[in-house]
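# Notes for the structure review
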Amino acid sequence: MKYTFFTPGPSQLFKTVPYYIKTAVTENILSISHRSDTFKEIFKTATNNLRMLLSIPDDYYVVFVSSGTEAMERVIENTVEKRCFHFFNGSFGQRWYEIAVELGKAPKKCEMKFGEEFPLHVSIPKTNELICFTQNETSNGSAVDLEYIYNIAKDNSQALIAVDIVSSAPYVDIDYTKLDCVFFSVQKLFGLPAGLGVIILSPKALEKAKLLQRKKINIGTYHSFPVLVEYALKNQTPETPNVMGIYLLGKILGDFLKIGITKIRQETKEKASLLYRFFDNTQEYTPFISKANRSQTVVTLNVGTGKKILTKLKAKGFILGNGYGPLKEHQIRITNFPSTSKEDIEKLLANF
Ligand SMILES: *Cc1c(COP(=O)(O)O)cnc(C)c1O
């Protein structure tokens, strides 16, 4: 049966991905050396296309890791000697905080109840080295306003700022000059197979990693920022990477550039209002997040009457996301990613 996936990752493949998987095979991409000129071209296409699509400043670095979770760990390892500060109101933000604990750092936090907005004033110690935000909390469909993040950044200019945009890139329109470590993985809005993470790094973030290294603090080995950047400058990766993932990312970014980022963002907004308008007017399924901090890419619904709806929709060819975290038994999630069209969403809603 042909299914349309509205799941929060892996998700519906972008429509051209099956074709590019075939060209990867016919062009021998899966067997070439990762030190060859062909690979360097693939690397350059992916990173250049990403820079263009997201307007990443020229002096920022783009490096590849294996996942969003790996990016969380690398960011803490490479920028924090002791003190980081985490804003979170859901499972992914909490995971990031726990990674800092597991790495032996001394993180502090502004922890809100599941899905709740952060307060206007938060006191962050001035000795703090890094501030972490999960911009789009996939576990509950809440989003942090960018102006909120930029203001915290301005008030804490001694700290580096790290932002998880795993389930909002490339929809979220970021001013990278205000941030230091921004990361995502490709199996969400990019509609690609899982197994590749991308970190966008400021020169300051790299400097901090080098400083920690000089102080003999463990910043990891083959995927430390200095090593990742050293190889990225040669259009390479330290290890044998997910060559197919990088190849597919370059191709999909090419498609996104042709569609245009403005159009992708506009369509995402339109599809989100279609979804929220529908569920704001039903009794059985109500949006979990209040209007002020709703995600445009992950819609979380309270399902009072149980989750039979998931089975019913599956029989009609629609796969939705389960709940996640403390309220998972009472919620479902629907993703609004570029790989599902307005027509797909209209069909889904007609079957609810
Ligand atoms: C999916 C997700 C992650 C984890 O990414 P992986 O690539 O699965 O490791 C982290 N943060 C957010 C917000 C996510 O949605």
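Right above here is the structure, for reference.
Being a predicted model, the structure only gives us computed values, none of them experimental. (Residues numbered from 1 in each chain as written. Predicted model: local features only at pLDDT ≥ 70, side-chain atom pairs only at ≥ 80, totals over all residues. Heavy atoms only, no water.)

### Quick word on helix α4 (residues 91–102)
Here is the rule we go by: Each helix is a run of H or I in the DSSP string that is no shorter than four residues. Each strand is a run of E no shorter than two, and both are numbered from the N terminus. Expected span, for any helix, means 1.5 Å times one less than how many residues it has. Only protein chains enter the calculation, and the probe is 1.4 Å; a residue is then buried if its accessible area is under 20% of its type maximum, exposed if over 50%, and partly exposed in between.
A rise of 1.5 Å per residue sets the reference length of α4, with its 12 residues, at 16 Å; its end C-alpha atoms lie 16 Å apart and thus fit the reference within 8%. Buried within α4 are the following residues: Ser91, Gly93, Trp96, Tyr97, Ile99 and Ala100. Where α4 terminates, the next one or two residues include glycine 104, which has phi positive at roughly 85°.

### Looking at the packing of helix α9 (residues 261–280) against helix α11 (residues 342–350)
To keep things clear, this is the line we draw: In this description, a line fitted to the C-alpha atoms serves as the axis of each element, helices being fitted only across the stretch in contact, and the angle between N-to-C directions of two axes falls anywhere from 0 to 180 degrees. Angular relationships are summarised with four words: roughly parallel below 35 degrees, roughly antiparallel beyond 145, roughly perpendicular across 65 to 115, and oblique for the angles in between. Crossings are assigned a handedness: left-handed for a near helix turned anticlockwise from the far helix by less than a right angle, right-handed for a clockwise turn. Any two residues whose heavy atoms approach within 4.5 Å at even a single point are treated as in contact. Under the scheme applied here, ten amino acids are nonpolar (Ala, Val, Leu, Ile, Met, Phe, Trp, Tyr, Cys and Pro), four are charged (Asp, Glu, Lys and Arg), and all others, including Gly, are polar.
α11 packs onto α9 with a crossing angle of 10° between their chain directions and a minimal axis gap of 10 Å. If you check the angle between α9 and α11, you find them roughly parallel. Crossing of α9 over α11 shows right-handed handedness. Contacts from Lys271, Leu274, Leu275, Phe278 and Phe279 of α9 reach α11 at Lys342, Ile345, Glu346 and Leu349. Partitioning the contact of α9 with α11 into residue classes produces 6 nonpolar, no polar and 3 charged.

### Regarding empty space enclosed by the protein
Quick note on the threshold: Definitions used throughout: a 1 Å grid over protein atoms alone; a cavity as a set of points that fits a 1.4 Å probe which cannot get out; a pocket as an open set with protein on both sides within 12 Å along at least five of seven lines; a lining residue as one with an atom within 4 Å of a point. Grid points are joined across faces, edges and corners, and a volume is the space filled by probe spheres set on the points.
In this structure the tally under the stated criterion is 1 cavity of 30 Å³ or more. Around the largest cavity, the lining residues are Phe43, Val62, Val63, Phe64, Leu228, Ala232, Gln236, Thr237 and Pro238. Elements with a minimum of two residues in the lining of the largest cavity: β2 (61–65) and α7 (225–232). In terms of residue count, β2 provides more of the lining of the largest cavity than any other element does, 3 residues in total.

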